[in-house]
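Below, each chain spelled out in residue letters.
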There are 2 protein chains.
Amino acid sequence: MAGIDYPEEAKALIGELKKLPGVGPRSAERMAIWLLQSPKANPEDLARVVQRAGEEVGSCERCGFFASGSESECPVCSATGRDDRLLCVVEQATDVLPIERSGAYRGYYHCLGGKLSPLDGVGPEDLRIDGLLKRVRERSEMEVVLAVGSDVEGEATANYLMDVLGGEGCSVTRLAQGLPAGSALEYADELTLHRAFEGRK
Amino acid sequence: MAGIDYPEEAKALIGELKKLPGVGPRSAERMAIWLLQSPKANPEDLARVVQRAGEEVGSCERCGFFASGSESECPVCSATGRDDRLLCVVEQATDVLPIERSGAYRGYYHCLGGKLSPLDGVGPEDLRIDGLLKRVRERSEMEVVLAVGSDVEGEATANYLMDVLGGEGCSVTRLAQGLPAGSALEYADELTLHRAFEGRK
């Protein structure tokens, strides 16, 4: 008697869902079952949007943010009225939207596509650094704002970029580190407090 | 100046992923970005398997387990050599495989498609109970094994089914509750210990 198992199509679906970030075997199974059995699920819709997004959404050739359809430039790069002496370097394309929403910045962006992480095998050649140097050289008197994370890999990436950009004649700044807004002092860890003191003004 | 946002196609993708069970807005964004930007991602493959599984995988008309393609019966119901005096009632189709893998049971199954949960608006009419009664009436001297969860909703479902099946002339059993295998006594909660004592033999 053959072992009972999911139909092949369901197994293939579980296999693909398992590849998504943060999805383990159990959640993949749960998602697949939901897609196949819940009256609220519409696998057709999901298939359609995945397919369409895969075809239509690309990366901006210039900055690495999302570009839609046949356009090679993203809405930021093709926007007018932005300050072209400001270039904000972020790790991921997804870091752009929070900064935009904050309203604190009105220049252009450059998405590295990751951060230096030797343990994960991510070196400088895996990041969009050549393109960054090219953009910096296109314009004089530029300020490059390093808006990378304050974790170990973010620090390493910032240090590396400061070295590389050192000889390019642009000024390089980093985002301030300190207490998050609306937080009591008692919740801040030692390193955050340390940096908040260092950066006091 | 218009606000910068993800392309429409990416937003539609995030919206659909967010509907999956256990996926919140942040994880949906992370999955979508991964699908669109990771060199390891293949949105075409995901779209294809979702589409195909949605079209090809159905529910067994008899027991509610998965049936593939044009077949109306699942591999369990169409299997020979199983004990047709045993009917195991489970909540979900996904409960069948763990039981199969355990090798502890060689009868047929009946998947309710959920459990009684008044708070979530799930009543007896939402479960596959009519089909269960029909199957029980088809055969005399049947043992119905209630293999539902030991949580509150599972208990409620089991109690309801025992009432309903009471007049049908079949014997109704429940899975034993007690210490999980390989677990030390000190890790067992009070209710588990209570039930382990009640069920001692």
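Residues numbered from 1 in each chain as written. Chains lettered and ligands numbered in written order. Predicted model: local features only at pLDDT ≥ 70, side-chain atom pairs only at ≥ 80, totals over all residues. Heavy atoms only, no water.

### Remarks on the overall build of chain A
Argument step 1. Scanning chain A from N- to C-terminus turns up seven helices and six strands.
Argument step 2. Starting at the N terminus, the α and β elements of chain A follow one another as α-α-α-β-β-β-α-β-α-β-α-β-α.
Argument step 3. At 22 Å, chain A has a C-alpha radius of gyration far larger than the 17 Å of a compact globule built from 201 residues.
Argument step 4. C-alpha extents for chain A along the principal axes are approximately 75 × 50 × 35 Å.
Argument step 5. Counting all 201 residues of chain A, 41% fall into the buried class.
Argument step 6. Accessible surface, chain A: about 11,000 Å² in total, of which carbon and sulfur atoms supply 49%.
Argument step 7. Here chain A carries 23 positive and 33 negative side-chain charges, and the mean point of each set is 4 Å from the other. (Helix = DSSP H or I, 4+ residues; strand = E, 2+ residues; numbered from the N terminus. Rg over C-alpha atoms; globule rule 2.2 N^0.38 Å. Buried < 20%, exposed > 50% of the residue type's maximum accessible area, 1.4 Å probe, protein only. Areas by Shrake-Rupley, 256 points an atom, 1.4 Å probe, with all protein chains shown as cover. Lys, Arg positive; Asp, Glu negative; His and termini not counted. Charge placed at Lys NZ, Arg CZ, Asp CG, Glu CD.)

### A word on the sheet that holds strand 4 (residues 107–111) of chain A
Residue and element names in this part refer to chain A.
Argument step 1. The four strands lie next to each other as 4-3-5-6, forming an open sheet whose pairing is parallel. Of all the strands in the sheet, the pair left with one neighbour each is strand 4 and strand 6 (171–174). Each strand of the sheet is rotated relative to its neighbour by a mean of 25 degrees, with strand direction disregarded.
Argument step 2. The pairing of strand 3 (residues 83–90) with strand 4 spans five bridges and is parallel. Following the sheet pairing, Leu87 is matched in strand 4 by Tyr108. (Pairing = 2+ DSSP bridges. Axes fitted to C-alpha atoms, helices over the stretch in contact; angles between N-to-C directions.)

### Here's the deal with the side chain of B:Glu9
Argument step 1. Inspection of the secondary structure puts B:Glu9 in helix 1 (residues 8–18).
Argument step 2. Buried charged residue B:Glu9 carries no salt bridge. Nearest counter-charge: A:Arg52, at 4.3 Å.
Argument step 3. Aside from chain neighbours lying at most four places away, what touches B:Glu9 is A:Arg52, A:Ala53, A:Glu56, A:Val57 and A:Ser68. (Salt bridge = Lys/Arg side-chain N within 4 Å of Asp/Glu carboxyl O. Contact = heavy atoms within 4.5 Å.)

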